[in-house]
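Fold and contact review
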Amino acid sequence: MDQKYSQEIVKVYHFRYMREYRAVSVLWAVLTIVWCILNIVCFVQPQWIGDTEESVGYGHMGVYAYCYPDSANTRYICSGSFTDFDTILNGPFKATTFFCGVAALLMLITVAALMLFFCFKKTAVFIFCGILELVCSIFMFLACVIYPAGWGQKEVYDLCGNNAGEYRIGECGVRWAYILAILGIFDAFVLALLAFFLASKRAKIDVYSTTGTVTKSELNGYDSLSKKSIPIQPQVVAVPNTVPVVDTDRYSEYSRHSEKPRSRGGFQL
């Protein structure tokens with residue numbers, strides 16, 4: 001009775017656990033798509049550093065593009081392309097373009113891998129996506145660290161003044177794309193950890209779904225329940241019969257009563 005009752009409790013909490021698990025999985029998928037979009041924005045937007053009120057020049061630059069005003073100061077002209085590394089200003093900017101671009105590509109692959117949940121084992125998909133997001137976090141970290149090494153370029157001097165140099169921004173300021181890229185390092189790392197966590201929990205769910213049993217340690221987690229959450233089992237109270245029924249005839253139910261007296265010794269008097 002106790003074992004059956006414990007199994008019923010486990011089934012109830014397994015249903016609640018699956019509901020919360022699916023909610024966290026959907027949240028992870030949404031955040032993965034959001035960060036994929038932001039990663040692409042960080043890569044294509046030339047707003048990593050730019051001019052300020054104290055800077056000697058006007059313009060801004062990103063990982064591969066450098067934007068400067070035209071002769072009439074009416075619009076900005078951007079040069080540099082990630083498809084042609086010869087147009088990128090220097091080596092550190094080329095390395096930043098490579099790492100940031102590959103990170104954006106990995107996030108695109110991660111978003112595409114979300115469709116694999118419909119045809120492959122979910123634990124393997126979580127691990128695969130977690131590895132991609134972890135590599136993306138490492139690549140974004142390398143891109144953000146290497147990028148200031150290219151500030152010793154002539155175009156940076158023209159924009160930020162002679163005080164600019166390697167890891168010295170001079171009179172320029174950090175723009176929103178660079179800050180978003182730094183935040184993306186932690187974002188991708190947290191998403192990777194969450195993917196590994198969901199993969200480990202999914203493995204336990206698969207074991208319960210196939211066997212229908214749980215370990216003793218997992219069952220102990222369901223024993224600490226509040227009174228409101230414990231289903232009330234009806235109790236059957238047996239009331240004894242106070243008036244006993246005495247059966248004077250001890251005959252079998254298949255036998256019939258005979259009115260003739262039985263003879264003794266084979267003779268009838």
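All values derive from a computational prediction rather than experimental measurement.

Attention now moves to the nonpolar core. Residues Trp 28, Trp 48, Met 61, Met 140, Tyr 147 and Trp 151 are the most contacted members of the largest nonpolar core, which totals 48 residues. Secondary structure elements with two or more residues in this core: α1 (2–44), α2 (91–113), α3 (122–146), α4 (154–160) and α5 (176–211). Here this core gets ten residues from one element, more than from any other, and that element is α5. Look past the residues within four positions of Met 61 in its chain and what remains in contact with it is Pro 46, Gln 47, Trp 48, Ile 49, Tyr 66, Leu 89, Phe 93, Tyr 147, Val 156 and Leu 159.

It is worth spelling out the pairing of strand β4 (residues 76–79) at this point. Pairing geometry for strand β3 (residues 66–69) and β4, over four bridges, is antiparallel. Its bridge partner lying in β4, Tyr 68 is registered against Ile 77. The hairpin turn running from β3 into β4, its antiparallel successor, is six residues long, and Asn 73 in that turn takes a positive phi close to 55 degrees.

Here we come to the packing of aromatic side chains. In total, this model carries 14 aromatic pairs according to the counting rule given. Ring centres 4.9 Å apart and planes at 20 degrees place the aromatic pair Phe 93 and Tyr 147 in the stacked group. Highlighted residues: Phe 93 in helix α2 and Tyr 147 in the loop between α3 and α4, separated in sequence by 54 residues. Tyr 147 carries the same exposure label as Phe 93, and that label is buried. On the basis of an interplanar angle of 70 degrees and a centroid distance of 5.3 Å, the ring pair of Phe 98 and Phe 99 is categorised as edge-to-face.

Along the polypeptide, Ile 33 turns up in helix α1. In this structure Ile 33 comes out as partly exposed when scored by relative accessible area, which is 37%. Sequence separation between Ile 33 and Thr 110 is 77 residues, and the spatial gap between their C-alpha atoms is 8.6 Å.

Evaluated as defined, the whole model comprises two salt bridges. As a salt-bridge pair, Asp 51 and Arg 175 come within 3.7 Å of each other at their nearest N and O atoms. Here Arg 175 lies in the loop between β5 (173–174) and α5 and Asp 51 lies in the loop between β1 (49–50) and β2 (60–61), a separation of 124 residues in the sequence. You can call Asp 51 buried: its relative accessible area is 17%. Residue Arg 175 is classed as partly exposed on the basis of its relative accessible area of 21%. Salt-bridge contacts for Lys 154 lead to Asp 158; the nearest nitrogen and oxygen are separated by 3.0 Å. Residue Lys 154 and its partner Asp 158 are both found in helix α4; the two are separated by four residues, about one turn of the helix. Given the relative accessible area of 55%, Lys 154 is considered exposed.

Reading the values: the criteria
Residues numbered from 1 in each chain as written. Predicted model: local features only at pLDDT ≥ 70, side-chain atom pairs only at ≥ 80, totals over all residues. Heavy atoms only, no water. Core = buried A, V, L, I, M, F, W, Y, C linked by side-chain atoms within 4.5 Å. Buried < 20%, exposed > 50% of the residue type's maximum accessible area, 1.4 Å probe, protein only. Helix = DSSP H or I, 4+ residues; strand = E, 2+ residues; numbered from the N terminus. Contact = heavy atoms within 4.5 Å. Pairing = 2+ DSSP bridges. Phe/Tyr/Trp six-rings, centres within 6.5 Å; stacked < 30°, edge-to-face > 60°. Salt bridge = Lys/Arg side-chain N within 4 Å of Asp/Glu carboxyl O.

Purely geometric numbers; function is a separate question.
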